[in-house]
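Descriptive analysis of the structure
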Amino acid sequence: RESWGVPIQNALACRTGLATAIQAVLRAAGLGVCPHHDCAMNPIACLGDLASASLLCCPICFRRLELAGVVPNVAETVVRLGTMFKSPTWRPVCHRELRILERWGLISRAQLQEATTVDLT
């Protein structure tokens, strides 16, 4: 399987790099470490943490970004992220984020199943 036109292993490496970059940008925006497990600002202390790092902020950190004026409309931003995560480019490496969006009620269980179905042919 390929994503971004490269083997999935490289896509996973790109994802972990993106998680690191997201955390750096959010720290520059004024967010600190977050204790919530499903948050991009959850501390990264080892490679295992990096491999499981979320690409989404928790609702509390999203609200902090909104209050700081960094994210003017959290609901719209989260919907756009959901659309991006469901795209063929991101789908192979964003199952966790899609499950979070489903838990938040932003995508349906059917959309989650459709987005996370793996074609083994």
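Look up a bit, the structure's there.
Owing to the predicted nature of the structure, the values given are computational and were not obtained by experimental measurement.

1. Side note on the environment of aspartate 49
Here aspartate 49 is to be found in helix H2 (residues 47-51). Separated by 33 residues in the primary sequence, aspartate 49 and threonine 16 have C-alpha atoms spaced 9.8 Å apart. The contact partners of aspartate 49, leaving out residues within four places of it in the chain, are Pro43 and Ile44.

2. What about the side chain of glutamine 23?
If you trace the backbone, glutamine 23 turns up in helix H1 (residues 8-28). With residues near it in sequence (within four places) discarded, glutamine 23 still touches Ala40, Met41, Asn42 and Ile44.

3. Digging into the state of the cysteines
The term disulfide refers to a covalent linkage connecting the sulfur atoms of a pair of cysteines. One pass over the full model with this rule turns up zero disulfides. Unpaired in terms of disulfides, cysteine 57 finds its nearest cysteine sulfur in cysteine 39, a separation of 4.9 Å. Overall, the relative accessible area of 4% leaves cysteine 57 in the buried class. Between cysteine 58, a free cysteine, and cysteine 34, which holds the nearest cysteine sulfur, the sulfur-to-sulfur gap is 3.6 Å. Given a relative accessible area of 4%, cysteine 58 falls into the buried group.

4. Points about the packing of helix H4 (residues 74-86) against helix H5 (residues 95-103)
Closest axis-to-axis distance for the H4/H5 pair is 10 Å, and the angle between their directions is 135°. Looking at the two axes, H4 sits oblique to H5. Considering how the two elements wind past one another, H4 and H5 form a crossing that is left-handed. Facing Val78, Gly82, Phe85 and Lys86 of H4, the residues of H5 in contact are Glu97, Leu98 and Leu101. Taken together, the residues of the contact of H4 with H5 break down into four nonpolar, one polar and two charged.

5. Let's talk about the nonpolar core
One finds Cys57 and Cys61 to be the most contacted residues of the largest nonpolar core, which totals 27 residues. Ignoring any residue separated from it by four or fewer positions in sequence, one finds cysteine 57 in contact with Leu26, Leu31, Asp38, Cys39, Ala40, Phe62, Leu65 and Trp104.

6. Concerning the pattern of salt bridges
Inspection of every chain in the model, using the stated rule, returns five salt bridges. Two residues, arginine 63 and glutamate 66, come together in a salt bridge whose shortest N-O distance is 2.7 Å. Here glutamate 66 and arginine 63 lie together in helix H3 (residues 59-67), a separation of three residues that amounts to about one turn. Here arginine 80 and glutamate 76 are joined by a salt bridge, their closest N and O atoms 3.0 Å apart. A residue pair is termed a helical-turn pair when its members lie 3 or 4 positions apart in one helix, as arginine 80 and glutamate 76 do in helix H4 at four residues. Residue classification places glutamate 76 among the partly exposed positions, given a relative accessible area of 38%. Three or more residues joined by partner-sharing salt bridges are found here, namely Asp38, Arg96 and Arg103.

Calculation criteria
Per chain, residues are indexed from 1 in the order of the written sequence. Side-chain atom pairs in this predicted model are given and counted only at pLDDT of 80 or more, local residue features only at pLDDT of at least 70, and totals for whole chains, interfaces and linings cover all residues. Side-chain measures were taken over the full set of non-hydrogen atoms in the model, leaving aside hydrogen atoms and water. The helix count covers DSSP runs of H or I at least four residues long, the strand count covers runs of E at least two residues long, and both are numbered beginning at the N terminus. In what follows, residue pairs with any heavy atoms lying within 4.5 Å of each other are defined as contacts. Criterion for a disulfide: a pair of cysteine sulfur atoms within 2.5 Å. Three exposure classes are used, based on accessible area relative to the maximum for each residue type with a 1.4 Å probe and protein chains only: buried under 20%, partly exposed in between, and exposed over 50%. Axis definition: a line fit to C-alpha positions, over the contact stretch in the case of helices; interaxial angles, taken between N-to-C directions, run 0 to 180 degrees. Orientation categories follow fixed angle ranges, with anything under 35 degrees roughly parallel, anything over 145 roughly antiparallel, 65 to 115 roughly perpendicular, and all other angles oblique. Two helices crossing with the near one rotated counterclockwise from the far one by less than a right angle form a left-handed crossing, whereas a clockwise rotation gives a right-handed crossing. The nonpolar class holds Ala, Val, Leu, Ile, Met, Phe, Trp, Tyr, Cys and Pro. Asp, Glu, Lys and Arg form the charged class, and all remaining residues, Gly among them, are polar. Note on terminology: a nonpolar core comprises buried Ala, Val, Leu, Ile, Met, Phe, Trp, Tyr and Cys residues joined through side-chain atoms within 4.5 Å. Here, a salt bridge means any side-chain nitrogen of Lys or Arg that lies within 4 Å of a carboxyl oxygen of Asp or Glu.

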